[in-house]
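Observations on the model geometry
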Protein chains: 2
Amino acid sequence: MKKKLLFLLLGLCVLLVTVSSVQADPLPSWNDGAAKRSIIEFVAKVTKKGGPDFVQSADRIAVFDNDGTLWAEQPFCFQLQFVMDRVRSLAPQHPDWKEKQPFKAVLENDQKALSASGLQGLDELLMATHAGITTEEFEQIVKNWLATARHPTLKRRYLELAYQPMLELLEYLRQNDFRVFIVSGGGIEFMRTFSEKLYGIPPEQVIGSSIVTRYEVRNGRPVLVREPKLDFFDDKEGKPVAINKFIGRRPIAAFGNSDGDFQMLEWVTASSGARFGLLIHHDDAGREFAYDRDVPAGKLDRGLNEAKMRGWTVVSMKNDWKKVFPSK
Amino acid sequence: MKKKLLFLLLGLCVLLVTVSSVQADPLPSWNDGAAKRSIIEFVAKVTKKGGPDFVQSADRIAVFDNDGTLWAEQPFCFQLQFVMDRVRSLAPQHPDWKEKQPFKAVLENDQKALSASGLQGLDELLMATHAGITTEEFEQIVKNWLATARHPTLKRRYLELAYQPMLELLEYLRQNDFRVFIVSGGGIEFMRTFSEKLYGIPPEQVIGSSIVTRYEVRNGRPVLVREPKLDFFDDKEGKPVAINKFIGRRPIAAFGNSDGDFQMLEWVTASSGARFGLLIHHDDAGREFAYDRDVPAGKLDRGLNEAKMRGWTVVSMKNDWKKVFPSK
C-alpha cells in the first residue's frame, strides 16, 4: 500500500514538472507572432534528437552583435559616450585640449565640430582615452564609469539598458545547450568588463574590435600595455573573419540589427543545415528609438531589403516586444 | 530484512567506488617523482572546496604550447614538414621552382641552401603553401596530409606522435573541471584540423599564429580566402598578448618546453593565488630527442636557468615519463 502511494506521488511529480515545463513561456517579453515563433521553431528543430535538423551541443553556437542588438546604441554607441566622459575627466591633465580639436569639440559639447573631425578625429579620441594604460587599469576605469554614468536621455545607468527580450533569448538558448558569443564592432576589452554580469557571457565568448597590446615587465611584474594603434576592426566583413579566427567553427545562428551585421548573418546562414538569422528593427520611437536607413551609425538598409529573400527574421521592437528594458 | 540488505549493498557500492577512485592513478605514464607530485598537489589545492587556494571552475584555465609540449617537434616542427611536402606536391604546377630558391632547396632536399634562405625564405615557403586558398580548402589539404605523411625518422604518422603522458595530463585536468587551451606558435588553422581528434581540444580553444583572411562572396557563396600576409605570430611576448585577446582572463596553469613559452609561464605564474608553470626538458635521445640550449628552434635556455627560482616544474622526459608515445 505504501509503495503504491509512493509511485502515485512520484507520477504526480513527473506530470507536474512536465506540464510546467511545457507551459512555461521561455520568452515572456515577446509577443506571440512570427518572430517569436521562428525562434522557437528553430531551437526545437536543432535540439530534436534523431530529427533531420538535429545539431550536437558542441556546434550549437549563436553569435550576437552588441550595440543595438543586446543593448541600446543611440544617440551614440555607449562606448563613444564613455570616450566623451573620459575626455572630460582627463581634461584637467591636458590644458591644451581646450584649444585642440577634436577634444575642444567634446569639452564644449559642439556636435557640429565633432562630426566635422570625422574618422580621424574619432581615432584620436579613441586612442587618447583607450591607450597608454595597462589592460588592468583600463578595466577599472570602464567599471568605474559604468557604476556612475547615466544615459543622457533615457536617464538610466548603461547596464540597465540591455533589452529584456534579448536577455530572455540568451537564457533560452543557453538552456538549450547553445553557447552564445558576442561579435561586435565595440571594443573587446570594453565589453568584457560587463558581459558576464549583464548577459552571462564570459570573457572568452566576447569578440570585438581591438587595439594592439604590448607585453612588458615593469619592476618584475608583467603587464599588458594598450598601444595607440588599431589591431582589428570587427565590423562588416570583419565579423566572419573574427568568428573564424576566434571560434574556428561556423555558428548556426546570428543576431544583429544593422548592415554592419550583414556579412555575419550571410556567413552563418549560407552553410547547409538548419540555420537562423535575425535582425532587430528599431521602429519604436516611443519606448526606445526609431531609425534604420538614414543614420550614419547603426544603419539598416541592405538587411531590410534582403531579409525576406534570405529567410531572415526581422523583429519589430514595437510589435514583437512587450517590453524593451528590464523593470527597475 | 530486505531493506537492511539493500542498504548493505548500497554501502558496499559507495565503498567500492571510493576505493577505486582513490587508487586509480590519473597519470599512469608518469613515474612517481617531484614532477608528477607537483601536478597532483596543484590540482588538489585549486579544487579543494573551502581550501585557501580553491579556484572556481570557470577560472580553471590551463594553457599548453603544442610543438615539443604536446607532440614532438624534431627534426623540424611538423608544420614545416607539411610545408616541404606541400612544395613537393605543388612543384609540377610551378616548373620555375626547380631553379628558384628557396623552393629549389626543398625539392633537392638541400638543407644548407634552405637554412641560407633564412626567415625570408621560410616566409616565402609558408605563403606559397598556406595562402591563396580558402579556409575550407586548406583544412582539407592538411587533413589529407595528416592521413598519409609519416615522420622521417620515427616512422609514425604525425598524429601518433603526441606524448602519452601529456594526453593523460589533459584528461586529468578536464576531469577536474579545467578548460584546456592550446597557445602555440603553430598555425591556428593548421592545429584546428586535428586538435579535437588528437587532444580533445575543440577549435575555439586553439590559439596560434595566423595569416590574414579575407571575406569574399564567390558566385553567391561566402568564403574566407587565406592571404599571403602574416596576421599574428603567437610566440614569446605574443603568447600573453594572444591569451588576453582570445581568453580575456588569466589562466592558472601554463605548460611549455622552450623559451618561446617563457613569457606565457611568466604571465600566468605572476598573478596571485595558486599558479602552476611547467617546462618539459627534452633529454631523452633514446626514446625521442635530446636538445635544449643550442638549437635554433625549440631552444630552452633561460627557462632552464630560471625555473627553480620561479617555482616552475621541470619535467625530465627520460626520468619522469614511463613511456613517450602511445602504444600502437
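Everything that follows concerns the structure shown earlier in this document.
Because the structure is predicted, anything quoted here is derived from the model rather than measured. For every chain, the first residue of the written sequence is number 1, and numbering continues from 1 onward in sequence order. Lettering for chains starts from A, numbering for ligands starts from 1, and both go in the order in which the items are written. Where local features are concerned, this predicted model is filtered to residues with pLDDT of at least 70; where side-chain atom pairs are given and counted, the filter is 80 or more; whole-chain, interface and lining totals use all residues. Each side-chain value is derived from all of the structure's non-hydrogen atoms; neither hydrogens nor water enter the calculation.

**What about the environment of N109 of chain B?**
Numbering of helices and strands runs from the N terminus, with a helix taken as a DSSP run of H or I at least four residues long and a strand as a DSSP run of E at least two residues long. With respect to the helices and strands, N109 of chain B occurs in the loop between helix 4 (103-107) and helix 5 (111-116). Polar side-chain contacts of N109 of chain B include one of 3.3 Å to the side chain of Q111 of chain B. Contacts described as polar in this section are N or O atom pairs within 3.5 Å, which, within protein, must combine one atom able to donate a hydrogen with one able to accept it, while residues neighboring in sequence count only if both atoms come from side chains.

**Details of the packing of aromatic side chains**
For any two aromatic rings, the description comes down to two numbers: the centre-to-centre distance and the angle of the planes. Residues and elements named next belong to chain A. Within 6.5 Å between ring centres, the rings of Phe, Tyr and Trp (the latter by its six-membered ring) count as paired, and their orientation is classed by plane angle as stacked under 30 degrees, edge-to-face over 60, tilted in between. Enumeration according to the criterion identifies 41 aromatic pairs over all chains in this entry. Among the aromatic residues, ring-to-ring pairing joins W71, F78, F82, F138, W145, Y158, F190, F194 and Y199 into one connected group. K245 extends its terminal NZ or CZ atom over the ring of F232, reaching a point 5.2 Å from the ring centre. As a reminder, the over-ring test applies to NZ of lysine and CZ of arginine, requiring each to be within 6 Å of the ring centre and within 35 degrees of the ring normal.

**Observations regarding the pairing of strand 6 (residues 276-283) of chain A**
Residue and element names in this part refer to chain A. For every residue, the accessible area obtained with a 1.4 Å probe (protein chains only) is divided by the maximum for its type, and the residue is called buried under 20%, exposed over 50%, and partly exposed between those limits. Burial analysis of strand 6 places seven of its eight residues in the buried class, the great majority of the element. Only strands joined by at least two bridges in the DSSP assignment are considered to pair. Of the strand pairs in this sheet, strand 5 (residues 253-256) and strand 6 are connected by four bridges, and their pairing is parallel. In the sheet register, A254 faces strand 6, and the bridge partner there is G277. Once the chain exits strand 5 it traverses helix 12 (residues 262-270) before rejoining the sheet at strand 6, and the crossover so formed is right-handed. Strand direction decides the pairing type here: strand 6 and strand 8 (residues 313-316), joined by four bridges, are parallel. Bridging across to strand 8, I280 finds its partner in V315. Strand direction decides the pairing type here: strand 6 and strand 7 (residues 290-291), joined by two bridges, are antiparallel. Here a crossover is taken to be right-handed if, once the strands point away from the viewer, the path from the first strand over the helix to the second is traced clockwise.

**Brief notes about the nonpolar core**
Core analysis: the largest hydrophobic core is formed by 154 residues, its most contacted members being F64, L169 and Y199 of chain A together with F64, L169 and Y199 of chain B. We call two residues in contact whenever any of their non-hydrogen atoms come within 4.5 Å of each other. Sequence-distant contacts of L169 of chain B, defined by excluding residues within four places in its chain, comprise L27, W30, I39, F64 and F255 of chain B. Side-chain atoms within 4.5 Å are what join buried Ala, Val, Leu, Ile, Met, Phe, Trp, Tyr and Cys residues into a set we call a nonpolar core.

**Structural notes on helix 12 (residues 262-269) of chain B**
Helix 12 of chain B sits mainly inside the fold: seven of its eight residues count as buried. Every buried residue belonging to helix 12 of chain B is among F262, Q263, M264, L265, E266, W267 and V268 of chain B, and all of these are buried.

**Regarding the packing of helix 11 (residues 238-246) of chain B against helix 12 of chain B**
All names here are of chain B. What counts as an axis is a line fitted to C-alpha atoms, over the stretch in contact for a helix, and the angles between N-to-C directions run from 0 to 180 degrees. Between helix 11 and helix 12, whose axes approach to 7 Å, the crossing angle comes to 55 degrees. Here helix 11 is positioned oblique relative to helix 12, judged by the angle of their axes. For the pair helix 11 and helix 12, the contacting residues are K239, P240 and I243 in the first and Q263, M264 and W267 in the second. Residues are grouped as follows: Ala, Val, Leu, Ile, Met, Phe, Trp, Tyr, Cys and Pro are nonpolar; Asp, Glu, Lys and Arg are charged; all remaining types, including Gly, are polar. Class assignment of the residues belonging to the contact of helix 11 with helix 12 gives a composition of four nonpolar, one polar and one charged. To sort the angles, those under 35 degrees are grouped as roughly parallel, those over 145 as roughly antiparallel, those from 65 to 115 as roughly perpendicular, and the leftovers as oblique.

**Describing the interface of chain B and chain A**
Listed as interface residues are 32 residues of chain B and, on the opposing side, 32 residues of chain A. Defined here as a combined quantity, buried area equals the accessible surface (1.4 Å probe) lost by two parts on assembly, summed across both. Summed over both partners, the interface of chain B with chain A buries about 2800 Å², with 53% contributed by carbon and sulfur atoms. Counting the surface chain B buries against chain A, the share from its top three residues, E204, Y215 and K245 of chain B, is 24%. A carboxyl oxygen of Asp or Glu within 4 Å of a side-chain nitrogen of Lys or Arg is what we treat as a salt bridge. In this structure, the connection of chain B to chain A is made through eight salt bridges. Note that E136 of chain A and R250 of chain B form a salt bridge whose closest N and O atoms lie 3.3 Å from each other. If you look at where chain B meets chain A, you find 22 residue pairs in polar contact (both at pLDDT 80 or more). Secondary-structure elements contributing two or more residues to the side of chain B that touches chain A are helix 7 (135-148), helix 9 (188-192), strand 3 (206-218), strand 4 (221-232), helix 11 and helix 12 of chain B. Tallying contributions element by element places helix 11 of chain B first for the side of chain B that touches chain A, with five residues. Split into classes, the residues belonging to the side of chain B that touches chain A amount to 14 nonpolar, six polar and 12 charged.

**Considering the relation of the copies chain B and chain A**
Rotating chain B by 180 degrees and moving it 0.0 Å along the rotation axis overlays it on chain A with an RMSD of 0.0 Å. The two molecules are tied by a two-fold rotation axis, judged by turn and shift. Among all C-alpha atoms of chain B, that of F246 of chain B lies closest to the rotation axis, at 3.3 Å. Here 100% of the contact residues of chain B are again contact residues in chain A; the copies associate through an equivalent surface. Copies are brought into register by a least-squares superposition over C-alpha atoms of residues with pLDDT of at least 70 in both.

**Section: the side chain of N244 of chain B**
Considering the arrangement of structural elements, one finds N244 of chain B in helix 11. The class for N244 of chain B is buried, based on a relative accessible area of 11%. Excluding anything up to four places from it in sequence, N244 of chain B contacts T135, E189, R192 and L224 of chain A.

**What about the pattern of salt bridges?**
All names here are of chain A. All chains considered together, the criterion is met by 50 salt bridges over all chains. Notably, a salt bridge pairs D261 with K239, separated by 2.7 Å at the nearest N-O pair. One end of the pair, D261, is in the loop between strand 5 and helix 12; the other, K239, is in helix 11 (residues 238-246), with 22 residues separating them in the sequence. In terms of burial, D261 and K239 fall into one category: buried.

**Points about the environment of R86 of chain B**
All names here are of chain B. Considering the arrangement of structural elements, one finds R86 in helix 3 (residues 78-90). Residues R86 and K45 lie 41 residues apart in sequence; the distance between their C-alpha atoms is 47 Å. Sequence-distant contacts of R86, defined by excluding residues within four places in its chain, comprise T129 and I141.

**Observations concerning unusual backbone geometry**
Omega for the peptide link from Q74 of chain B to P75 of chain B comes to -5 degrees, which places this bond in the cis form. Its place among the elements puts P75 of chain B in the loop between strand 1 (61-64) and helix 3. At the junction of Q101 of chain B and P102 of chain B, the peptide bond is cis and its omega measures out at 0 degrees in the coordinates. With respect to the secondary-structure elements, P102 of chain B resides in the loop between helix 3 and helix 4. Backbone geometry places K236 of chain A, a non-glycine residue, at a positive phi of 50 degrees.

**Remarks on the environment of L230 of chain A**
Residue and element names in this part refer to chain A. Examined against the element boundaries, L230 turns out to sit in strand 4 (residues 221-232). Remark: the alpha-carbon pair of L230 and S210, spanning 20 residues in sequence, is separated by 6.4 Å. Leave out the neighbours within four places in its chain, and L230 touches M127, S210, I211 and V212.

**Section: the side chain of N66 of chain A**
As for its position among the elements, N66 of chain A is in the loop between strand 1 (61-64) and helix 3 (78-90). If near-sequence neighbours (up to four positions away) are discounted, N66 of chain A is found in contact with W71, I182, S184, M191, F194 and Y199 of chain A.

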